[in-house]
Amino acid sequence: MKRILITGGAGFIGSNLCDYFISKGNQVTCLDNFATGFRYNIEHLLSHPDFKLIEGDIRDLATCQQAAADQDYVLHQAALGSVPRSINDPITSNDVNVGGFLNMLVAARDSGVKRFIYAASSSTYGDSETLPKVEEVIGKPLSPYAITKYVNELYADVFSKTYGIECIGLRYFNVFGRRQHPNGAYAAVIPKFVIQLMNHESPVINGTGEYSRDFTYIDNVIQMNEKAMSAENKEALNTVYNTAVGDRTTLNLLVEYLKEYLSVYDPAIANVPIIHGDLRAGDIPHSLASIDKAKKLLGYEPSHDIKKGLQEAVGWYWENLK
Ligand SMILES: NC(=O)c1ccc[n+]([C@@H]2O[C@H](COP(=O)([O-])OP(=O)(O)OC[C@H]3O[C@@H](n4cnc5c(N)ncnc54)[C@H](O)[C@@H]3O)[C@@H](O)[C@H]2O)c1
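Described in the following lines is the structure provided in the data block. Note that this is a predicted model, so its numbers are computed, not measured. (Residues numbered from 1 in each chain as written. Predicted model: local features only at pLDDT ≥ 70, side-chain atom pairs only at ≥ 80, totals over all residues. Heavy atoms only, no water.)

### Thoughts on the nonpolar core
So, step 1. Of all hydrophobic cores here, the largest spans 67 residues; its most connected members are Tyr241, Leu254 and Leu310.
So, step 2. Among the elements that make up this core, the one with the highest residue count is helix α8 (residues 251-263) (seven residues).
So, step 3. With residues near it in sequence (within four places) discarded, Tyr241 still touches Glu135, Ile168, Gly169, Leu170, Arg171, Met224, Glu235, Ala236, Lys293, Ala294, Leu297 and Leu298.
So, step 4. Counting 26 residues, the second-largest nonpolar core is a separate cluster that includes Leu80, Ala107, Ala120 and Cys167. (Core = buried A, V, L, I, M, F, W, Y, C linked by side-chain atoms within 4.5 Å. Buried < 20%, exposed > 50% of the residue type's maximum accessible area, 1.4 Å probe, protein only. Helix = DSSP H or I, 4+ residues; strand = E, 2+ residues; numbered from the N terminus. Contact = heavy atoms within 4.5 Å.)

### Overview of the pairing of strand β6 (residues 167-172)
So, step 1. By the criterion of burial, β6 is predominantly enclosed, with six of the six residues buried.
So, step 2. Taking every second residue as pointing to the same face, both faces of β6 are buried, with Cys167, Gly169 and Arg171 on one and Ile168, Leu170 and Tyr172 on the other.
So, step 3. Bridge count between strand β5 (residues 115-121) and β6: six bridges; the pairing is parallel. Within the sheet, the bridge partner assigned to Tyr118 lies in β6 and is Gly169.
So, step 4. As for the winding sense of the linkage, the β-α-β connection from β5 through helix α5 (residues 144-163) to β6 is right-handed.
So, step 5. Alignment of β6 against strand β11 (residues 239-243), held across five bridges, turns out to be parallel. Considered in β11, the bridge of Gly169 is made with Val240. (Pairing = 2+ DSSP bridges. Right-handed = clockwise from strand over helix to strand, strands pointing away.)

### Some details on the side chain of Glu135
So, step 1. With respect to the element layout, Glu135 can be found in the loop between β5 and α5.
So, step 2. Despite its burial, Glu135 pairs with no opposite charge, the nearest such side chain being Lys293 at 5.2 Å.
So, step 3. Polar contacts involving the side chain of Glu135 include one to the main-chain amide nitrogen of Asn242, which spans 2.8 Å.
So, step 4. Sequence-distant contacts of Glu135, defined by excluding residues within four places in its chain, comprise Tyr125, Arg171, Val240, Tyr241, Asn242, Ser290 and Lys293. (Lys, Arg positive; Asp, Glu negative; His and termini not counted. Salt bridge = Lys/Arg side-chain N within 4 Å of Asp/Glu carboxyl O. Polar contact = N/O pair within 3.5 Å; in protein donor to acceptor, adjacent residues only side chain to side chain.)

### Some words on the pattern of salt bridges
So, step 1. Tallied over the entire structure, the rule returns twelve salt bridges.
So, step 2. The closest approach of N and O atoms between Asp72 and Arg3, which form a salt bridge, is 2.9 Å. Of this pair, Asp72 sits in the loop between α2 (61-68) and β4 (73-76) while Arg3 sits in strand β1 (residues 3-7); the two residues are 69 residues apart in sequence, bridging distant segments of the chain.
So, step 3. What makes Asp72 buried here is its relative accessible area of 10%.
So, step 4. Of the charged contacts, one joins Glu166 and Arg115 as a salt bridge, the two residues approaching to 2.9 Å between their closest N and O atoms.

Okay, here's the thing in structure tokens:
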């Protein structure tokens with residue numbers, strides 16, 4: 001049994017991590033201020049004897065220290081996601097994603113946790129046109145959000161060298177799956193399109209739809225967190241890993257898949273027309289990960305390609321949000 005602190009544990013990725021690590025018999029503490037997460041994501045865990053919720057803000061060092069005390073591992077997910085959010089309000093994104101991150105690192109260092117594993121981001125590749133993306137070749141950030149996520153990597157690197165704390169960064173690539181929130185200005189594309197199609201509303205694709213992404217199902221992300229926790233080889237530590245599938249799908253094809261899988265539940269969805277809108281600031285044209293490093297050093301093997309992941313996700317949305 002491990003003691004695991006999951007920050008941002010009421011969010012999409014964090015609540016899935018909470019579920020998984022509780023199901024494996026661990027003690028899980030969730031630290032969240034519900035800025036973008038939801039109590040209903042963890043409601044079912046609140047009465048579990050091995051689950052504890054700390055409602056608090058990572059911008060407060062004392063809260064981070066309280067949460068990190070007596071933990072074996074920190075899985076740091078708390079942050080303000082979304083490139084457009086960071087463009088609209090760079091100061092708050094920086095306060096949470098950089099200031100809060102530093103607080104958590106300091107708290108983890110001081111409490112002597114075994115390992116600090118954190119949510120990094122594919123946005124760190126910025127304007128690099130290299131495909132596939134390999135961990136060692138990055139470009140210049142294209143948004144305030146991307147800066148914050150890159151600064152996280154720099155801090156983790158310096159903390160591991162200076163204080164000897166073991167850190168692993170997981171550069172998540174467009175994660176999707178159960179519980180990802182479909183509504184609001186900063187919703188991710190897959191849940192937003194799913195809900196629109198379920199309601200027979202036309203999804204709006206930014207640009208021609210030929211931009212592509214390495215869409216990554218949540219179960220692959222859970223696996224990467226678990227592999228990062230259990231890695232013993234020194235070479236595998238104090239570094240970052242692409243957390244992806246190693247395949248890319250255009251937005252046009254994505255919508256085709258969604259229509260196909262949703263039509264199983266409601267055949268009329270196959271006829272919902274698509275609208276094309278303007279390109280969004282800060283978006284990179286293509287994103288495709290090399291997952292060789294994660295395979296080699298962590299023994300990672302994605303369990304879900306995009307099609308399998310989308311089928312499961314669509315089933316979940318139909319069952320839970322229709
Ligand atoms: N979803 C993706 O595709 C993706 C891609 C790359 C990186 N990431 C990173 O993964 C992590 C989780 O993302 P997600 O998609 O689950 O987003 P999410 O918004 O669902 O989860 C983030 C959680 O952090 C919490 N939080 C925010 N500010 C906080 C604060 N000041 N104090 C305490 N808690 C706070 C929120 O309430 C929320 O529960 C984030 O660090 C994000 O940057 C996500």
